[in-house]
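This is what each chain is made of:
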Amino acid sequence: MSMKNVYFISRCFAPHSARGNSTVSSLVLCAAILIALLIPFVVSSPSHLNLAVLVLMAAQLGVAWNILGGYAGQVSLGHAAFYGLGAYASTLLVLKFGLNPWICMLAGGLVAAVVSLGFGWSCLRLKGHYFAMATIAVAEILQIVFTNWDYAGAAVGLTLPMDKTGWAYLVFSDKTPYYWLALGLLAVTLLANVAIERSYLGYYLRAIKDEPDAARSIGVDISKYKQIALSISAFFTALGGSLYAQKELYIDPASVLSTSMSIKMALVSILGGVGTLFGPVVGAVVLTSIEEVTRASFGGSGRGTDLIIYAGLIVVIAVFYPSGLLGWWRARVERSRANLALGSKPAETHQKGAR
Amino acid sequence: MTLEILLQTLASGVLIGLIYSLVAIGLTMIFGVMDIVNFAHGEFLMLGMYASFWMFSLYGLDPLLTMPLTMLLLFAFGVLLYSVVIRRIIDAPMLSQIFATFGLMLLLRGVAQFLWKPDFRSVENSWVSGSFKFAGLQLGTPQLVAGIGAVVITAAVYLFLHHTKVGAALEATAADKEAARLMGIDSNRMFALAWGLGAACAGAAGVLLSTFFPIFPEVGATFILLAFVVVNLGGFGSVTGAFWGGIIVGVTEVMGGLLIGPQYKMAIVLTLFLAVLMFRPQGLMGKA
């Protein structure tokens, strides 16, 4: 892939608002895409490559969560419901009906999208904290149901066979294909976000988030667009769940349906920057690295040292970077730009500041 | 099924429900005063349990005896947590507030695991143990004492909020922060007070539970979700709502366990919770 192509791709991903003066961000993007494409060729250690896969998977979930939580401003703490549904639906279809895993993955996404209609019907009319708590409840109920459902393996979980490997079965003995799968899924999810951002749906969602009353008064059907955002978000979250099932070849309610999973999806976005295209990606890189590195270095003691470091960093970040790392970075850049402009042309700074 | 079993279950539901109320009162107070959902609230309860456990096993002091001290310690801890962490995120978006208190939850669990190991511990042979018969019902003494203790503390909090000047100031801050400030109420101190009181109530619940419930670093997780449900049912910010909400949740839990199956009791509580939100999105006693 030539440099020009990479640059073109990164331009496609550049957010609307940043396109005016986005040379720097385009370059950063170019570099990020290049690094992402080179990692499997450079990294030889399977555990490091596995970390990269985990980062990509967390990023994809954050990006999917962001569609509802970031753009539409509906803070869901129950997205593990969709993640688990995707994982369980595809795994059950593979195990019980012997269908092709690619089709099963898609079916898992559709199942989650359909279930999201009920989820939305029961939760979306609630506001703020009530919505967040209701989503936790829905996911917890689902976890209890799957824990007691014998057909779906109950508490023991489900194991996928690994006798047939290859792209047709989505089962591989080494990590590299999973890396490409995770990267591909992340790219597709990001593209979906870009499409939403640039469509009317994106404008409606931002209007619903920032000025719900004004949006309603000009005739935006709030519940309809919230539901659309939820269903798209659920679909992509479920794809992430199916990918997890194919990678680990084992799922149980605790690993794919737990509230801590839901919260991690939100954390990734919050850490990077809510409502920004690449915020969740940045958040996933930081959060997953911290989590895995502290677990590898301190987890063996069994005394919670890894948890203390991980949680301490979460608190520090939440207190000192409340708008996420990307938001903090942007504010910093804006400020230095304003300072520069202040030195030469004060009038222009005012215009920029007003934007 | 006999009437006796039904009554027996009902009684134990009410007793455990009173503990849920006590945990939820602090949560709802913090929310009412400053619009922050405290994910680390279950950890206050955990710390209360450990305080009571250590004072019992090191110095042989009974949990009931050390309860005032534990509540005082937890009050100080709540105020400390407020001034070190929470004060800085009052104006932050709701998401980063969730993030911060969620981080605190994990942090406190991690610290407890580090200091006291992940083992299950229990307070054996305290003043309250065994069971007795009352009007044909077999009741556990620890459970009954815990229920009574929870009622007493809840009543004290209620009286404090409604019949003291400081309580009125706290209520005023909850009702309208700006107006309260104009009346000369230091909202910062009120927030600190809400955190202190909330932590002290959860700590008291921990002490009461410690005589019959296993003590371990993740014990807060068992109660936090129920406390959220109670707070939602009662309406965010309503102390009376939290009281009744706790009893409803306790009774629903044990009744659901009896009639449908113990493995589904949490699912039943959560379904009830969602059903109530359908009809009253602001909870039973919350303001719309």
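Calculation notes
- Residues numbered from 1 in each chain as written.
- Chains lettered and ligands numbered in written order.
- Predicted model: local features only at pLDDT ≥ 70, side-chain atom pairs only at ≥ 80, totals over all residues.
- Helix = DSSP H or I, 4+ residues; strand = E, 2+ residues; numbered from the N terminus.
- Contact = placed C-beta atoms within 7 Å.
- Rg over C-alpha atoms; globule rule 2.2 N^0.38 Å.
- Buried ≥ 20, exposed ≤ 12 C-beta atoms within 10 Å, placed from the backbone.
- Pairing = 2+ DSSP bridges.
- Nonpolar A, V, L, I, M, F, W, Y, C, P; charged D, E, K, R; others polar.
- Domains from an automatic or database assignment.
- Core = buried A, V, L, I, M, F, W, Y, C linked by C-beta atoms within 7 Å.
- Arc of directions from axis to C-beta.
- Expected span 1.5 Å × (residues − 1).
- pLDDT = per-residue confidence, 0-100.
- Axes fitted to C-alpha atoms, helices over the stretch in contact; angles between N-to-C directions.
- Left-handed = near helix turned anticlockwise from the far one by under 90°.
- Parallel < 35°, antiparallel > 145°, perpendicular 65-115°, else oblique.

Asker: Whenever I open this one, the overall build of chain A confuses me. Can you help?
Answerer: A tally of regular secondary structure across chain A gives 16 helices and 2 strands. The contacts in chain A between residues at least 6 apart in sequence include a share of 72% that link residues at least 24 apart.

Asker: I'm lost on the overall build of chain B in this one. Help?
Answerer: Within chain B, the regular secondary structure consists of 11 helices and 2 strands. Moving toward the C terminus, one meets the helices and strands of chain B in the order α-α-α-α-β-β-α-α-α-α-α-α-α. For a compact globule of 288 residues, the expected C-alpha radius of gyration is about 19 Å, and chain B comes in at 19 Å, within 12% of that figure. Here chain B, with 288 residues, has 55% of them falling under the buried criterion.

Asker: I keep staring at the environment of Met94 of chain B and nothing clicks. Help me out?
Answerer: With respect to the helices and strands, Met94 of chain B occurs in helix α4 (residues 94-116). Excluding anything up to four places from it in sequence, Met94 of chain B contacts Val75 and Gly128 of chain A.

Asker: Could you clarify how one ought to interpret the pairing of strand β1 (residues 131-134) of chain B in this entry?
Answerer: A regular strand places its side chains so that they alternate between the two faces of the sheet. All names here are of chain B. As defined by bridge partners, β1 adjoins strand β2 (residues 137-140) across 4 bridges and the pair is classed as antiparallel. Across the sheet, residue Phe134 finds its bridge partner in β2, namely Leu137. What sits between β1 and β2 in their antiparallel hairpin is a turn of 2 residues, with Ala135 showing a positive phi close to 50°.

Asker: Sorry, what's going on with the interface of chain B and chain A here?
Answerer: Facing 36 residues of chain B, the contacting portion of chain A comprises 32 residues. Contributing elements (two or more residues each) for the side of chain B that touches chain A: α4, α9 (219-234) and α11 (265-279) of chain B. With 15 residues, the top contributor of residues to the side of chain B that touches chain A is α4 of chain B. Counted by class, the side of chain B that touches chain A contains 27 nonpolar, 7 polar and 2 charged residues.

Asker: Is there a simple way to think about the domain arrangement of chain A in this case?
Answerer: How big an interface is tends to be stated in terms of accessible area lost as the parts join. In terms of domains, chain A is made up of domain 1 (1-42) and domain 2 (52-258). A C-alpha centroid distance of 27 Å is found between domain 1 of chain A and domain 2 of chain A.

Asker: What is the right way to read the nonpolar core from this model?
Answerer: Inside soluble globular proteins, nonpolar side chains tend to come together where they are buried. Grouped together as the largest cluster of nonpolar side chains are 210 residues, with contacts concentrated most on Ala182 of chain A together with Ile19, Val23, Ala194, Ala205 and Ala227 of chain B. Residues contacting Ala227 of chain B, with those up to four places away along its chain left out, are Tyr20, Val23, Ala24, Leu27, His41 and Gly42 of chain B.

Asker: It is not clear to me how helix α6 (residues 165-175) of chain B should be interpreted in this structure. Could you clarify?
Answerer: Note that an α-helix has 3.6 residues per turn; residues three or four places apart therefore point the same way. Buried within α6 of chain B are the following residues: Ala169, Leu170, Thr173 and Ala174 of chain B. What you see down the axis of α6 of chain B is that its buried residues fit within an arc of 140°, all on one side.

Asker: Where do I start with the environment of Leu22 of chain B in this structure?
Answerer: All names here are of chain B. Relative to the helices and strands, Leu22 resides in helix α1 (residues 3-34). Sequence separation between Leu22 and Gly203 is 181 residues; the distance between their C-alpha atoms is 9.4 Å. When sequence neighbours within four positions are dropped, the list of residues in contact with Leu22 reads Ala150, Ile153, Thr154, Cys201, Ala204 and Ala205.

Asker: So what exactly am I meant to see when it comes to α4 of chain B here?
Answerer: Spanning 23 residues, α4 of chain B covers 33 Å between terminal C-alpha atoms, matching the ideal 33 Å at 1.5 Å per step. Once α4 of chain B finishes, Lys117 of chain B follows within two positions and takes phi at roughly 60°, a positive value.

Asker: When you look at the confidence of the model for chain B in this model, what are you seeing that I'm missing?
Answerer: For any part of a model where pLDDT is low, the fine detail of the predicted coordinates should not be relied upon. The predicted model of chain B has a mean per-residue pLDDT of 88, with 99% of residues at 70 or higher. Here the complex is predicted with pTM 0.85, and the ipTM for its interfaces comes to 0.83.

Asker: I'm lost on the packing of helix α3 (residues 63-84) of chain B against helix α8 (residues 187-210) of chain B in this one. Help?
Answerer: In a pair of packed helices, the angle between the axes and the distance between the axes together describe the arrangement. Residues and elements named next belong to chain B. Where α3 contacts α8, the two axes come as close as 7 Å, and the packing angle between them is 145°. Two packed elements cross with a definite hand, and for α3 against α8 that hand is right-handed. Contacts between α3 and α8 pair Pro63, Met67, Thr70, Met71, Leu74, Phe75, Phe77, Gly78, Val79, Leu81, Tyr82 and Ser83 from the former with Phe191, Ala192, Trp195, Gly196, Leu197, Gly198, Ala199, Ala200, Gly203, Ala204, Val207 and Ser210 from the latter. Considering only residue class, the contact of α3 with α8 consists of 17 nonpolar, 7 polar and no charged.

Asker: I keep staring at the packing of helix α2 (residues 41-59) of chain B against α4 of chain B and nothing clicks. Help me out?
Answerer: Residues and elements named next belong to chain B. Where α2 meets α4, the closest approach of the two axes is 10 Å, and the angle between their N-to-C directions is 20°. In terms of orientation, α2 lies roughly parallel with respect to α4. In this structure, α2 crosses over α4, and the sense of that crossing is left-handed. Between α2 and α4, the contacting residues are Glu43, Met46 and Tyr50 on the first element and Met105, Leu108, Arg109, Ala112 and Trp116 on the second. When its residues are assigned to classes, the contact of α2 with α4 shows 6 nonpolar, no polar and 2 charged.

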